Amino acid sequence: MDLFIAAFGFGLVSMSVIAIAAVGFTMQFGITNMINLAYAEIMISSAYAAYAFNRSGINIWVSMIAGALFGAVFSFLLNRLLYAPFQRKGTSLIGMVIVSLAAGLVIANVLLPIVGYFNVSYKQDPGPTIRLGAIDLTTVQVLIIALAVSLMLLIHLLLTFTRLGKAMRATAANPTLARNCGIPTRQVIDIVWLITGALCGIAGVVAAMNSESFAASSGAGYLITIIAAAVLGGAGQPYGAMIGAVLIGEITELSAAVISPQYKGVIAFAILVLVMVLRPQGLLARQGALAAAG
Amino acid sequence: MAALVLAACGNQASTPSASGTSPLLIGVVAPFTGVDAGLGPAYYAACLAAANELNTNGNIMGHPVSCQQFDTRGEPADAVPAARQMVASNSNLMAVVGCTSDEASSVVPIIDASHIPMFCMTGQSEFNKTTYKYFHRLVPPDQYDAFAMVGSALYFNHYSKIALVFGNDIGSQAFVPPAQTAIPKLGGTVTINQAIALNQSDYRTEVTQMLATHPDVIFTEALGPADATYLAEVKQLNGGKLIPFIGTSATVDPQWFAAVSGAIGVDNLVNNYQAVDIGTTFSGPGYDEFVANLNAAASKFPDAPKYKQRASTLHLYDGLLQAALAMNATKSIDPQVYNAKIKEIGNGVSGATEVHTYKEGVDAINSGKSVRLVGAGGPTNYNQWNNSQQGYILVKYDAQGNEVTIGSLTQEQTAKIIAAGGGG
């Protein structure tokens with residue numbers, strides 16, 4: 001029994017990391033209609049940006065700001081210089097997916113010679129272990145959970161109570177109508193890329209902190225989990241991505257406790273497939289992207 | 001005209017003349033990306049060091065040598081086109097190095113069919129009695145690595161409860177069955193056998209399961225960041241204390257050292273880690289020459305000098321020098337002519353002159369002698385299937401990441417473990 005409780009606790013950490021990443025990913029799709037398969041490579045690039053600061057003696061939590069800024073600027077530029085021109089030419093959604101896949105490969109292969117083959121670790125003090133029954137978490141892990149909850153709350157407040165959030169939802173629902181109503185959709189989309197890019201950067205740093213060790217090749221492993229959480233919750237739905245992250249994070253850890261850890265990925269994705277068969281629109285999707293935010 | 005066109009369309013360019021100065025190529029067929037991306041650079045370093053040795057000592061009968069990477073990504077699906085592209089587009093291949101357990105089964109037949117001598121770093125048992133004529137292996141089968149780990153735990157350290165934590169890739173899983181067979185037969189216990197996915201961001205549930213079995217020691221090979229993450233979580237979830245762990249020879253590697261020491265701290269790694277490695281002294285004239293060449297290779301590959309104590313790098317370097325000397329001995333750059341001579345250069349024949357460097361070998365050959373290369377990794381002993389084995393040493397790291405020998409297994413101990421594990 002203790003193992004299941006411990007696994008549940010570890011699942012809280014996993015779902016926190018996944019949630020930060022998946023919400024950014026799904027907002028990009030929901031608002032800008034872009035399935036950005038380069039997302040995981042930007043995550044790992046941001047993790048390395050934070051690493052550069054961390055290795056020069058700067059605290060990892062401060063370095064995380066550098067990672068977030070890097071992710072924001074990188075994502076913004078990627079959209080402005082690559083994705084937006086293709087979208088303006090009317091490239092289909094599947095065409096854009098291929099463009100983003102190519103962008104991800106380019107980023108991965110440019111990153112490798114820059115950062116090298118070696119795995120690296122942040123200089124971080126995990127802090128004292130906090131014990132809650134059978135759950136053992138380090139202070140850093142508790143802070144990661146707190147950070148994820150805070151970011152999810154901020155996203156909720158942004159989408160629900162701010163003019164920018166309403167402009168985002170309007171742009172997501174019908175960009176032409178939003179533009180005709182005076183909403184500067186291009187600026188809104190720029191801001192979305194900056195915000196989701198920052199989430200991507202933060203996700204990369206917390207994923208690397210949680211893993212203790214990471215490498216240029218780590219990005220590929222993140223992407224599948226992020227997509228699974230986003231699709232499970234309902235593509236384009238931030239709240240759906242949060243729920244998807246909870247389910248994927250917990251199912252992954254609990255299945256490892258029940259059966260061989262070798263199959264924990266298989267179980268998580270089998271459930272994803274099952275949900276897709278029974279409810280193809282995902283758990284939370286209503287009509288239109290970001291509808292659940294309203 | 002038609003005959004001319006048909007001739008030009010032949011699938012392989014004709015073999016260059018031995019007397020020319022046309023360049024020769026060594027293909028490094030290995031993972032350079034993906035989870036096993038740490039393997040390729042070690043072999044590339046071997047190739048660059050060998051090329052430097054050959055090119056600064058008169059080339060191979062005037063032919064300069066260069067190295068090219070062919071990335072298999074550690075996946076057979078990517079390895080096959082990489083190998084096909086290599087042989088189809090390079091008629092001047094003199095040898096291939098690499099071919100790890102990740103891709104050996106799929107690329108060895110392609111390379112063999114193209115008549116290119118290869119020096120592979122696979123420990124798969126299917127090559128123990130291989131019929132591929134161009135295949136050479138300077139490392140023991142993986143099962144012997146596993147046997148040596150068992151010997152290290154039971155006889156050297158006197159541990160009895162052993163947890164097996166290996167990556168779920170083909171190469172790492174090869175160690176599991178022989179260890180599972182040998183441990184109980186020799187009085188030990190396998191407390192848990194975990195096949196961990198290499199690309200996971202954490203292993204806390206797996207670590208909790210493993211700790212609940214209370215092992216004395218962990219056997220492991222999970223490359224990429226996996227071992228670093230797993231062991232850091234062992235430390236975290238075991239009250240800040242690590243459990244001793246014994247790695248395969250693949251963990252004696254600067255990348256593995258950097259990853260794991262970064263995650264658990266150098267002191268923890270130095271104090272808790274041991275590994276088995278292929279018997280190598282890291283000394284002698286052949287080794288000194290190798291180190292000089294490896295340092296020179298830094299101009300092309302800055303990380304090259306970091307591999308000066310990686311046994312596989314030494315052995316592949318030796319293999320390439322054997323091939324080069326075989327070419328000199330046969331006065332041919334046709335692989336179908338010099339391939340058979342490689343074994344003779346490695347094992348030596350009666351009355352052969354022992355040489356340690358390429359220059360010594362060429363000088364001896366030119367003066368009419370037969371030679372045996374005792375290179376950077378020591379003597380080679382090819383059997384009838386071109387497999388060479390040299391026994392095992394037990395090693396650890398010092399704080400700088402250098403390999404330190406702490407013991408060895410006697411022949412009797414090794415034989416006993418092999419018999420218990422069902423090894424041939």
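Scroll up for the structure.
Conventions and cut-offs
Residues numbered from 1 in each chain as written. Chains lettered and ligands numbered in written order. Predicted model: local features only at pLDDT ≥ 70, side-chain atom pairs only at ≥ 80, totals over all residues. Helix = DSSP H or I, 4+ residues; strand = E, 2+ residues; numbered from the N terminus. Rg over C-alpha atoms; globule rule 2.2 N^0.38 Å. Buried ≥ 20, exposed ≤ 12 C-beta atoms within 10 Å, placed from the backbone. Contact = placed C-beta atoms within 7 Å. Expected span 1.5 Å × (residues − 1). Bend = angle between axes of the 7 residues up to and from the residue. Core = buried A, V, L, I, M, F, W, Y, C linked by C-beta atoms within 7 Å. Pairing = 2+ DSSP bridges. Nonpolar A, V, L, I, M, F, W, Y, C, P; charged D, E, K, R; others polar.

## Quick word on the overall build of chain A
Secondary structure assignment for chain A yields 11 helices and two strands. From first element to last, N terminus to C terminus, chain A shows the α and β order α-α-α-α-β-β-α-α-α-α-α-α-α. Taken over C-alpha atoms, the radius of gyration comes to 19 Å for chain A, in line with the 19 Å a tight globule of 294 residues would show. When the backbone C-alpha atoms are referred to their principal axes, chain A occupies close to 55 × 45 × 35 Å. Split into buried and exposed, the 294 residues of chain A put 55% on the buried side. Considering only contacts in chain A between residues 6 or more positions apart, those separated by 24 or more positions represent 75%.

## Looking at helix H14 (residues 335-347) of chain B
All names here are of chain B. Its 13 residues give H14 an end-to-end C-alpha distance of 19 Å, which sits within 8% of 18 Å, the value for a rise of 1.5 Å per residue. Along H14, the helix axis deviates most sharply at Lys341, where the bend reaches about 30°. Buried residues in H14 make contact with strand S5 (135-137), helix H13 (311-330) and strand S12 (371-373). Count one or two residues on from H14 and you reach Gly348, which has phi positive near 75°.

## Topic: the nonpolar core
Tyr43, Cys47, Val97, Met118, Val150 and Leu320 of chain B are the most contacted members of the largest nonpolar core, which totals 143 residues. Dropping the residues within four chain positions of it, Val97 of chain B is found in contact with Ile26, Val28, Tyr43, Ala46, Cys47, Phe119, Leu316, Gly319 and Leu320 of chain B. Grouped together as the second largest cluster of nonpolar side chains are 98 residues, Tyr122, Leu232, Ala241 and Val275 of chain A included.

## Observations regarding the pairing of strand S1 (residues 129-132) of chain A
All names here are of chain A. Looking at chain direction, S1 and strand S2 (residues 135-138) are connected through four bridges and run antiparallel. Residue pairing for S2: Arg131 is matched across the bridge by Asp136. The hairpin formed by S1 and S2 contains two residues between the paired strands, and Gly133 there has a positive phi angle of roughly 65°.

## Remarks on the interface of chain A and chain B
Every contact between the two is made by 32 residues of chain A and, on the other side, 33 residues of chain B. Those elements giving two or more residues to the side of chain A that touches chain B turn out to be helix H1 (2-32), S2, helix H8 (185-211), helix H9 (219-233) and helix H10 (238-258) of chain A. Here the side of chain A that touches chain B takes six residues from H1 of chain A, the largest share from any one element. The residue makeup of the side of chain A that touches chain B, split by class, is 17 nonpolar, 12 polar and three charged.

Don't take any of this as a statement about function, it's just geometry.
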